[in-house]
Every structure is written in structure tokens, then in C-alpha cells.
Amino acid sequence: MREPEERFHVETSVSDGAVCVRAVGVVDIATVAAFRAALWAAPARPELRVDLSGVGLLSAAGVRTLVAARLWVRSQGGELVLVDPPPVVDRVLRATGLRRVIRVVGAAPERLLAAA
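By convention here, each chain's residues receive numbers from 1 onward along its written sequence. Totals for whole chains, interfaces and linings use all residues, but because this is a predicted model, local features are given only for residues with pLDDT of at least 70 and pairs of side-chain atoms are given and counted only at 80 or more. To obtain the side-chain values, all non-hydrogen atoms of the structure were used and water was disregarded.

Chemist: Which residues make up the packing of helix H1 (residues 32-41) against helix H2 (residues 60-75), and what values go with them?
Modeler: Convention adopted: a line fitted to C-alpha atoms gives each axis, helices being fitted over their contacting stretch, and angles between N-to-C directions are expressed from 0 to 180 degrees. Secondary structure counts use DSSP, requiring at least four H or I residues in a row for a helix and at least two E residues in a row for a strand, with both numbered from the N terminus. One way to put it is that H1 packs onto H2 with a least axis distance of 10 Å and a crossing angle of 15 degrees. By the angle between their axes, H1 is roughly parallel relative to H2. Along this stretch, H1 crosses H2, giving a crossing that reads as right-handed. Residues Val32, Phe35, Arg36, Leu39 and Trp40 of H1 form the contact with H2, whose participating residues are Ala61, Gly62, Thr65, Leu66, Ala68, Ala69 and Trp72. Taken together, the residues that form the contact of H1 with H2 break down as nine nonpolar, two polar and one charged. Here the word oblique covers every angle except those under 35 degrees (roughly parallel), over 145 (roughly antiparallel) and from 65 to 115 (roughly perpendicular). Crossings are sorted by hand: turned counterclockwise from the far helix by less than a right angle, the near helix makes the crossing left-handed, and turned clockwise it makes it right-handed. When checking whether two residues touch, look at their non-hydrogen atoms; a contact exists if any pair is within 4.5 Å. Residue polarity is assigned by list, with Asp, Glu, Lys and Arg as charged and Ala, Val, Leu, Ile, Met, Phe, Trp, Tyr, Cys and Pro as nonpolar; anything else, Gly included, falls into the polar class.

So, in C-alpha cells, the structure goes:
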């Protein structure tokens with residue numbers, strides 16, 4: 001029997017040098033508006049880190065949101081970094097070419113924020 005998927009939610013943590021937005025659940029057409037809103041509401045910092053470790057699926061709508069977020073963050077002089085994508089999400093990042101244009105790191109976001 002398949003376990004029920006966790007309800008989609010986003011958590012934001014802020015340090016002096018970075019903001020980490022952690023998405024949990026499925027990022028698809030039903031949840032992408034909340035995902036996008038969290039990214040755009042993040043306070044300005046040199047780096048916007050998007051923790052994908054809790055994402056079970058990244059749809060085309062989620063990919064478009066990451067592309068738009070990268071453009072927006074770069075226009076503000078910052079960098080978008082993707083953190084800990086699980087294998088299913090990493091396959092989407094590779095297939096769409098996002099891994100070539102957005103930096104992807106594997107460290108836990110708590111350690112990354114502590115080092116910022």
C-alpha cells in the first residue's frame with residue numbers, strides 16, 4: 001500500500017548572507033503558486049537557496065518557476081542555488097538542462113546557512 005503524500009508546504013529561513021526556501025511535497029500545477037509566492041517573498045540576500053530534499057515530484061510548472069526565479073534573483077545581483085534534490089527531482093533537473101545553468105549542492109541547508 002502506498003503511503004499518503006505529505007501536504008505541500010514551504011519553510012523559509014534567513015541568515016545574513018542567504019535565504020533558504022525549503023519545499024516539501026509535490027511541486028505541480030496545484031501547488032506551484034504557493035511555491036512561486038514563497039520564492040518571490042523571500043527577503044533579498046546574495047544567495048537564494050531552494051532546498052528540494054523534501055520534494056517528491058517536480059513538474060514542468062515547477063521547472064518554469066525555478067527558471068523564472070533564477071532570472072529574477074540574477075536581476076537583483078544574487079544567485080539561485082538548488083540544495084539536495086532527491087534522485088527523481090535530479091533526473092528532471094538533468095533532463096531539462098537546469099543542472100547546467102543553476103548550481104546544485106548536496107549539503108544540508110542548516111550547515112549551509114550556518115556557514116553563510
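Chemist: Now, about the sheet that holds strand S2 (residues 18-27): what can you tell me, with residues and values included?
Modeler: Pairing between strands is defined by DSSP: at least two bridges between them are needed. The strand order S1-S2-S3-S4-S5 describes an open sheet built from five strands, whose pairing is mixed. Looking at the sheet topology across the chains shown, the edges are occupied by strand S1 (9-14) and strand S5 (103-105). Neighbour-to-neighbour, the strand axes of this sheet turn through a mean angle of 25 degrees, independent of strand direction. In this sheet, strand S4 (residues 79-83) lies alongside strand S3 (residues 47-58) in parallel orientation, the contact comprising five bridges. When the sheet's bridge partners are listed, Leu48 is paired in S4 with Leu80. Along the sheet, helix H3 (residues 87-96) contacts S3, S4 and S5; its crossing angle with S3, the most-contacted strand, is approximately 115 degrees.

Chemist: Can you explain the side chain of Glu47? Please cite residues and give values.
Modeler: One can find Glu47 in strand S3. A distance of 2.3 Å separates polar atoms of two side chains, one belonging to Glu47 and the other to Arg49. Any N or O atom pair separated by 3.5 Å or less is treated as a polar contact, with the protein-specific requirement of one donor-capable and one acceptor-capable atom, and with residues adjacent in sequence counted only for side-chain atom pairs.

Chemist: I'd like a rundown of unusual backbone geometry, residues and numbers included.
Modeler: Its identity is not glycine, yet Asp84 carries a phi of approximately 50 degrees, on the positive side. Residue placement: Asp84 occurs in the loop between S4 and H3.

Note that every value here comes from positions in space, so none of it alone points to a role or purpose.
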